[in-house]
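# Per-entry structural report
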Amino acid sequence: MSIKSILAKPFANRIAASVNKQSKNAVKVQQNLLKYLIAQAQNTTFGKDHNFSKIKSYDDFKKQVPIRDYEVLKPYIEKVVAGESDVLWKGKPLYFAKTSGTTSGVKYIPLTKESMPMHISAARNALLMYIAETKRADFVNGKMIFLQGSPELDEKNSVKTGRLSGIAAHYIPNYLTKNRLPSWETNCIEDWETKIEAIVDETINEDMTLISGIPSWVQMYFEKLMERTGKKVGEIFPNFNLFVYGGVNFEPYRNKFEEMIGRKVDTIELFPASEGFIAYQDSQQENGMLLLVDNGMFYEFIPSEEFFNENPPRISLADVKIGVNYVLILNTNAGLWGYDIGDTIEFVSINPPRIKVTGRIKHFISAFGEHVIGSEVERAINSQTMGTTVAINEFTVAPQITPESGLPYHEWFIEFDNKPEDLNNFASKVDASLQQQNSYYFDLINGKILKPLKITLIEKGGFNKYMKSIGKLGGQNKVPRLSNDRKIADELLKFEEK
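Read on for an overview of the structure. (Residues numbered from 1 in each chain as written. Predicted model: local features only at pLDDT ≥ 70, side-chain atom pairs only at ≥ 80, totals over all residues. Heavy atoms only, no water.)

## Comments concerning empty space enclosed by the protein
- Scanning the model with the defined rule gives four cavities of 30 Å³ or more in all.
- The space that makes up the largest cavity amounts to roughly 80 Å³.
- Looking at the largest cavity, it is lined by 13 residues, and the ones nearest its centre are Val80, Leu88, Trp89, Gly91 and Pro93.
- By residue class, the composition of the lining of the largest cavity is seven nonpolar, two polar and four charged.
- When its volume is computed, the second largest cavity comes out at roughly 60 Å³. (1 Å grid on protein atoms, 1.4 Å probe; cavity = no way out; pocket = protein on both sides within 12 Å on 5 of 7 lines; lining within 4 Å. Points joined across faces, edges and corners; volume = space filled by probe spheres on them. Nonpolar A, V, L, I, M, F, W, Y, C, P; charged D, E, K, R; others polar.)

Here's what the structure looks like:
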């Protein structure tokens, strides 16, 4: 056992004690944080426009600060990007995290001297919580890989700009520098396929112990490794025992990963966003991810069923309930106020507050009033793959409103790595699971408004070809689990299995 792994354990225990203390007093911590945020931004342009000096309570705050998405907040952000100070938060940001918006084009999310360290400490603490619970710290002795964006940064009016993962690469602590792969040069490669080949070159003979990234892109890395060696990933890296992921639900990929690795490995789920690091899995025993209540963000929640009402109810952590699907709203120490991040979550525990991501508020199917959400389709397909040999590379769902004949239906585009023996039976069971979860969908099937779902097989590598065709192969890009239109579906038909 190395000095590094020995020292990691008492440090992990101290961090875990601090995190647990905050979580047990989550509502109070959040209330104090809101006061702090308002006080700090009182003299900003936004603070003056929204009477921050007169806000004395959360009810006051709700009256002064409406819910906004990026498009509505954009006039303020444009002032920040133009170089103005004290607009949304005091001073100027350290960075802009550059993201691709579906309606706003390129988005520039400010990262401040207060917010940036919290992104880094949250990622670190996720690993420390794992060490504190499991007492396993040997992974710190081996090599670790983080599949991420390029660390090369541009500038906007003297503020450095890039992908969040690329910005974070500038904050790797010294004690991890020698352990971390890929190299700076490889990380700077923009073309994803070229980058993957270079990452394989650099890691194939190393003692990899921790691998991190979005599952679909890590899967590409694993496949390249196996092509090169003819071995399973667990044979290539015998000490690889920890997979860290975020961005999508891992369950649809779990069977495939276990097959590629050749054994089960521990996993840690993260919920990072450019707007803030929201949650991480703090336990291998408990469900969900711990909501980070002292990480520079005051959270609000709107029941998703009421989100599109004229005046939807907004609540704080004090009033949330288990099992309700909420739209997550952020107020941050980077100057995002009443900010609709677009994600939906559900609480699985209140004390401490643990959540699971259920999807995106704009990613749903309700072509016939069924309002099917991401977590429902994932749960439906997982119910038929868990404990079986069926392995799925990727999938998405869209409505087919005008079929050539018969009733309309939901069309599931699935790229299998290992197909079920009876595809029709598999489809029937997935459909039954979805009906069981969603009473609106059940009524539409039962009332002969819809017919049961249809599976369209996508060729091996088809989803990657689709992502490449729209210029979004690799990085932090991912395919939506479901859409309420045929835009993705019609493009995917080009890659239908023949």
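## Concerning the environment of His371
- Tracing the backbone shows His371 in the loop between β16 (364-365) and β17 (372-373).
- Judged by relative accessible area, which is 26%, His371 ranks as partly exposed.
- Expressed as a C-alpha distance, the spacing of His371 and Glu305, which sit 66 residues apart in the sequence, is 8.9 Å.
- If sequence neighbours within four positions are ignored, His371 has contacts with Phe364, Ile365, Ser366, Glu376 and Asn438. (Helix = DSSP H or I, 4+ residues; strand = E, 2+ residues; numbered from the N terminus. Buried < 20%, exposed > 50% of the residue type's maximum accessible area, 1.4 Å probe, protein only. Contact = heavy atoms within 4.5 Å.)

## Things to note about the packing of aromatic side chains
- By the definition in use, this model includes 25 aromatic pairs.
- By way of ring pairs, the aromatic residues Tyr221, Phe222, Phe240, Phe243, Tyr245, Phe250 and Phe257 are connected into one cluster. (Phe/Tyr/Trp six-rings, centres within 6.5 Å; stacked < 30°, edge-to-face > 60°.)

## Regarding the sheet that holds strand β19 (residues 409-418)
- Overall, mixed pairing links the three strands, which are arranged β18-β19-β20 in an open sheet. The open sheet is flanked by β18 (391-400) and β20 (454-457), the only strands paired with a single partner. Strand-to-strand twist in this sheet, taken as the mean axis angle between neighbours without regard to direction, amounts to 30°.
- In this structure, β18 lies alongside β19, joined through nine bridges in antiparallel fashion. What sits directly across from Ile392, in β19, is Phe416.
- Helix α17 (residues 462-469) contacts β18 and β19 of the sheet and is inclined by roughly 110° relative to β19. (Pairing = 2+ DSSP bridges. Axes fitted to C-alpha atoms, helices over the stretch in contact; angles between N-to-C directions.)

## Things to note about the pairing of strand β14 (residues 339-349)
- Judged by how many residues are buried, β14 sits mostly within the fold: 10 of 11 residues are covered.
- Pairing geometry for strand β13 (residues 325-332) and β14, over five bridges, is antiparallel. Directly across from Tyr326, in β14, lies its bridge partner Ile345.
- Turn length for the β13-β14 hairpin, with the two strands adjacent in sequence and antiparallel, is six residues, and the turn residue Gly335 shows positive phi of about 95°.
- Pairing of β14 with strand β15 (residues 354-360), which is carried by six bridges, proceeds in the antiparallel orientation. Bridge pairing links Glu346 to Lys356 in β15.
- Hairpin geometry of β14 and β15 is characterised by an intervening segment of four residues between the two adjacent antiparallel strands.

## Brief notes about the sheet that holds β14
- Pairing is mixed across the open sheet formed by 11 strands, whose spatial order is β6-β3-β7-β8-β9-β10-β11-β15-β14-β13-β12. Both edges of this open sheet fall to β6 (180-181) and β12 (297-303), since each of them pairs with a single strand only.
- Sheet analysis places strand β8 (residues 242-246) next to strand β9 (residues 266-273), joined by five bridges and oriented parallel. Across the sheet, the residue bridging to Tyr245 is Glu269, located in β9.

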